[in-house]
Amino acid sequence: MTEPRTIVITGASSGIGLAAAEQFAARGDRVVLVGRDERRLAVAVDRVRAAGHETEPGHFQADFERLADIRALANHLLSTYPAIDVLANNAGMVAMSHRRTVDGHEATIQANHLGPFLLSKLLRERLRGGRIVNTSVRPARNARLDPDRLDRDEQRYQGIAAYQGSKAANVLFAMEAAQRWPDILSLSLHPGVVRTDIGRDTALRFVFRYAPFLISPEKSARRMVRLATAPADELANGALYGPDSPIRPDPRLFNADNAARLWATSEAVLAAPAA
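Keep in mind that what you see is a predicted model, and the values were worked out from it rather than measured.

What counts as what
Residues numbered from 1 in each chain as written. Predicted model: local features only at pLDDT ≥ 70, side-chain atom pairs only at ≥ 80, totals over all residues. Heavy atoms only, no water. Phe/Tyr/Trp six-rings, centres within 6.5 Å; stacked < 30°, edge-to-face > 60°. Helix = DSSP H or I, 4+ residues; strand = E, 2+ residues; numbered from the N terminus. Buried < 20%, exposed > 50% of the residue type's maximum accessible area, 1.4 Å probe, protein only. Core = buried A, V, L, I, M, F, W, Y, C linked by side-chain atoms within 4.5 Å. Contact = heavy atoms within 4.5 Å. Bend = angle between axes of the 7 residues up to and from the residue. Polar contact = N/O pair within 3.5 Å; in protein donor to acceptor, adjacent residues only side chain to side chain. Pairing = 2+ DSSP bridges. Axes fitted to C-alpha atoms, helices over the stretch in contact; angles between N-to-C directions.

Caption draft 1: Representation of the packing of aromatic side chains within the structure. Inspection of the entire model under this criterion finds five aromatic pairs. Geometrically, the ring pair formed by Phe 117 and Trp 263 is edge-to-face, given 5.0 Å between the ring centres and 80° between the ring planes. Remark: Trp 263 occurs in helix H8 (residues 256-271) and Phe 117 occurs in helix H4 (residues 107-122); sequence separation between them is 146 residues. For the pair Phe 117 and Trp 263, one class covers both residues: buried. Note on Trp 181 and Trp 263: the rings are 5.1 Å apart at their centroids and 80° apart in plane angle, and the pair reads as edge-to-face. Of this pair, Trp 181 sits in the loop between helix H5 (159-180) and strand S6 (185-189) while Trp 263 sits in helix H8, and the two are 82 residues apart along the sequence. Assessed through its relative accessible area of 7%, Trp 181 is described here as buried.

Right under this line is the structure:
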């Protein structure tokens, strides 16, 4: 009997992450759900258990605005699972006003980029031969990201611009990971404009819940499952994918030089003492 694959999904207590966890479980995969809220995570685990029928899901509570939580999560995964076949870096948020985490970083860039970057690096050896799928977005034409300076100034802070920049960082991370870690298939996913809870603590919550152009989390999750399961030779390592094919983002921002600079900056930021 074939051993089930191990799929780790962050941001799995609702939205795309939960829908994908249910779909992976229905395929017979061993799913590990990571979420910030204990109550919501418990409900999600029950749903994934029902979808999987035979394979008991794992779970871990972690807040990506706390780097200590991410290190604890990595230690748990490394001590529990001898192989990790897919890491879905799906956790995401948007802070509409500037605030810093306990680690001293602007909250959006830490939760959406620095946290997933750290987790991926800590799990790197366990992911050999596997895949990393980053939930990003189709980069906006006006997306701005300085690869040498990730924490935005409070005086000029704009929540949507910070979110766009953090999602651009996801794409650049996958591009550079493909070069540095060729034994891992690293991809980014544009999930579409999805009906989720990502803006639940902001004025955007009504847009993400009720706008008529939104697609369902289940439909978006199928895109994630495809990138996690399609034959590797059908996918381009380091690419950003839309519904069916790669998206070619603006090379003025999305190029090899910026990807390498972002990686170096991220390592330096994470190695520095908390501000």
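Caption draft 2: Fine view of the nonpolar core. Counting residues in each nonpolar core, the largest one holds 47 residues, and the members touching the most others are Leu 73, Leu 77, Leu 119, Leu 123 and Leu 145. Secondary structure elements with two or more residues in this core: strand S2 (30-35), helix H3 (67-80), H4, H5 and H8. Setting aside chain neighbours within four positions, we find Leu 77 in contact with Val 8, Val 32, Ile 84, Leu 123 and Arg 126.

Caption draft 3: Inspection of H4 at higher detail. The axis of H4 is deflected most strongly, by about 35°, at Leu 114, and proline Pro 116 appears within four residues downstream. Taking burial as the measure, the 16 residues of H4 include 14 buried ones, the bulk of the element. Between a side-chain oxygen at the N-terminus of H4 and the backbone nitrogen of Thr 108 the separation is 2.8 Å; the capping residue is Glu 106.

Caption draft 4: Highlighting the sheet that holds strand S4 (residues 86-89). Strand order in the open sheet formed by eight strands is S3-S2-S1-S4-S5-S6-S7-S8, and the pairing between neighbours is mixed. Edge positions in the sheet fall to strand S3 (58-61) and strand S8 (246-247), since each of these pairs with one other strand and no more. Its contacts with the sheet put helix H2 (residues 38-52) on S2 and S3, and the angle it makes with S2 is roughly 165°. Running at roughly 160° to strand S5 (residues 131-135), helix H7 (residues 217-229) makes contact with S4, S5, S6 and strand S7 (240-241) of the sheet.

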